[in-house]
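Understanding the architecture of this molecule
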Amino acid sequence: METRTLGRTGRDVSVVGLGTWQLGADWGDVTREDAIEVLDAAVAGGVTFFDTADVYGDGRSEQLIGEYLRSRPELDVFVATKMGRRAEQDPQHFTLENFREWTDRSRQNLGVDTLDLVQLHCPPTAVFSDDQVFDALDTLVEEKVIAAYGVSVETVNEALTAIARPHVASVQIILNAFRLKPLDEVLPAAREAGVGIIARVPLASGLLSGRYSEDTTFAADDHRTFNRSGEAFDVGETFSGVDFATGVQAAREFADLVPEGVHPAQAAIAWILAQPGVTAAIPGARTVTQARSNAAAADVTLPDGFDAGVRDIYDRLLRDAIHPRW
C-alpha cells in the first residue's frame, strides 16, 4: 500500500484509509464482531489510517477502534477522530473548556493519552474565522492532549479559510467523481500550504459502487433513507447532495468507463487518489469483502481518458443536479 504524508502531522498514512461511520451508526446495524472483522480486513489489506468521530454511534466507533488496537499492539495505525457535533451548533460552544471535555471522552474511548489528529467536525462557518478557536486547539497540542488538529468542512470556502491557518494539519472534504468543485481551488491551495487532504464520501454513499437501481431501498435507520433532503444533517453527506435517481443514472455511465476486472468502487477510489494534492481517501465498509476491495483500489491503474469521461458525466448530468448549497 502506498503511503503519503498527512500534511502538517508529519505522519505517513496509507492512501486508502477506512472511514468508520458505518461501524458506529446511521448505516443499518453492524455487530461488534462484524466491526472487528472489518477493521482486521482493512489492516490486512495495508490500511494504516482509520477515521472516526465522537458522534459515530455516540462513541461506539471510537470504542471499537480502541478495543481492536489494544488487541493488536504491534500495529502502527494512525487514528483521526472528530469533535464538535455533540453540542448545539452554535459558535459559542467551541471553547477550550468544551474541547477538553470532548477530547477527554475520545481519549477514553480510544484508550490513548494523546489523540493522533482531532478534526473540527463540520462546525458552523463562523468558527473557521475565530482566532480563539484555533488558540484553544494550539493549547491542546501544547498540553499533548492532541498531536495535531485539522478540520472537516462542508464547503470550498470553509476549506480555503482553514488552509490559511498556520497550524491546521489537514482538511477533510467531500471529494468524488460526483463532486469535482474542490479540484479547482482547494487541492492547489492545500498543496502550496503543505496541508493534507482527506477525501470523504468517496463513493457518494455507495452510488459509485454501481450496486443500486432506482428501486433500491435502505433500512429505516440508514441515513440514505432519512437524510436524502438534509432532514438530519447536511444533505451533502448523503449521496454527495445529488438526488438519488440522477445519481443512479450517473453511476451507470461511470461503470461503463471502468476497465474489465476492476470494480466500479475501486475505480472511484483510484480516480480520487490520482488527483494531485489528495493524501488519502476514506471509504467506509460494513463487510469484510468491502474492506478488502477498497484497500485493493490502491493498486488500480486507470486507462487514458478515464478522467475526461468522469468530467463529461459531471458536466452533462451532475453540475446542475447537485444541491444548490454545493
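Above: the structure in question.
Residues numbered from 1 in each chain as written. Predicted model: local features only at pLDDT ≥ 70, side-chain atom pairs only at ≥ 80, totals over all residues. Heavy atoms only, no water.

Helices and strands together make up the secondary structure of the protein, namely 11 helices and 10 strands. Its C-alpha atoms give the protein a radius of gyration of 18 Å, near enough to 20 Å, the size a compact globule of 326 residues would have. With respect to the three principal axes, the spread of C-alpha positions in the protein is 50 × 40 × 35 Å. Counting the 326 residues in the protein, one finds 56% classified as buried. Partitioning the intrachain contacts of the protein with sequence separation of at least 6 by distance along the chain shows that 76% fall at a separation of at least 24. When the accessible surface of the protein is summed, it comes to about 13,300 Å², and 45% of that surface belongs to carbon and sulfur atoms. Considering the protein, the positive charge centre built from 29 side chains and the negative charge centre built from 50 side chains are found 1 Å apart. (Helix = DSSP H or I, 4+ residues; strand = E, 2+ residues; numbered from the N terminus. Rg over C-alpha atoms; globule rule 2.2 N^0.38 Å. Buried < 20%, exposed > 50% of the residue type's maximum accessible area, 1.4 Å probe, protein only. Contact = heavy atoms within 4.5 Å. Areas by Shrake-Rupley, 256 points an atom, 1.4 Å probe, with all protein chains shown as cover. Lys, Arg positive; Asp, Glu negative; His and termini not counted. Charge placed at Lys NZ, Arg CZ, Asp CG, Glu CD.)

Here we take up the side chain of S106. On the secondary structure map, S106 appears in helix 3 (residues 96–110). In this structure S106 touches D54, E62, T81 and L115, once residues within four positions along its chain are discounted.

For the rest of this paragraph, the subject is the packing of helix 3 against helix 4 (residues 131–142). The contact between helix 3 and helix 4 brings their axes to 9 Å, and the two run at 45°. The angle between the axes of helix 3 and helix 4 places the two elements in the oblique class. Considering only the axes of helix 3 and helix 4, their crossing is right-handed. Between helix 3 and helix 4, the residues in contact are L96, F99, R100 and T103 and V133, A136, L137, T139 and L140, respectively. The residue makeup of the contact of helix 3 with helix 4, split by class, is six nonpolar, two polar and one charged. (Axes fitted to C-alpha atoms, helices over the stretch in contact; angles between N-to-C directions. Parallel < 35°, antiparallel > 145°, perpendicular 65-115°, else oblique. Left-handed = near helix turned anticlockwise from the far one by under 90°. Nonpolar A, V, L, I, M, F, W, Y, C, P; charged D, E, K, R; others polar.)

Now for unusual backbone geometry. Positive phi values are uncommon outside glycine, yet S205 reaches one of about 60°. Even without glycine at this site, F239 takes up a positive phi of about 55°. Looking at the secondary structure, you find F239 in the loop between helix 7 (223–226) and helix 8 (244–257).

Taken together, eight strands build an open sheet; the order of strands is 3-4-5-6-7-8-9-10 and the sheet is parallel. The two strands at the open ends of the sheet, each matched to only one other strand, are strand 3 (18–19) and strand 10 (280–281). Here strand 7 (residues 149–152) pairs with strand 8 (residues 168–174) via three bridges, running parallel. Bridge pairing in strand 8 places V151 opposite V171. (Pairing = 2+ DSSP bridges.)

Using the criterion set out here, one finds 13 aromatic pairs in the structure. Taking the centre distance of 6.4 Å and the plane angle of 80° together, the rings of F94 and F99 count as edge-to-face. Here the two residues F94 and F99 agree in accessibility, since each one is buried. Residues F134 and Y149 carry aromatic rings whose centres are separated by 6.3 Å and whose planes lie at 50° to one another, so their mutual orientation is tilted. Residue F134 is located in helix 4, and its partner Y149 is located in strand 7; the two are separated by 15 residues in the primary sequence. We note that F134, like Y149, is buried. The structure contains a cluster of three or more aromatic residues connected by ring pairs, namely W21, Y56, F226 and F233. (Phe/Tyr/Trp six-rings, centres within 6.5 Å; stacked < 30°, edge-to-face > 60°.)

Note that D58 resides in the loop between strand 4 (49–51) and helix 2 (60–71). C-alpha separation for the pair D58 and F254, spaced 196 residues apart in sequence, amounts to 35 Å. Setting aside residues no more than four positions away along its own chain, D58 makes contact with R86 and R105.

A few words now on a negative patch on the surface. A contiguous patch of negative charge, built from D29, D34, E37 and D221, is present on the exposed surface. Residue position: E37 is located in helix 1 (residues 32–44). E37 gets classed as partly exposed once you look at its relative accessible area, which sits at 45%. (Patch = residues over 30% accessible without salt bridge, like charges linked within 9 Å, V, L, I, M, F, W, Y side chains within 5 Å. Salt bridge = Lys/Arg side-chain N within 4 Å of Asp/Glu carboxyl O.)

Turning our eyes to something else, we now look at helix 11 (residues 306–318). A rise of 1.5 Å per residue sets the reference length of helix 11, with its 13 residues, at 18 Å; its end C-alpha atoms lie 17 Å apart and thus fit the reference within 8%. Among the structural elements, helix 8 and helix 9 (264–273) are those in contact with the buried residues of helix 11. (Expected span 1.5 Å × (residues − 1).)

These figures capture arrangement, not role.
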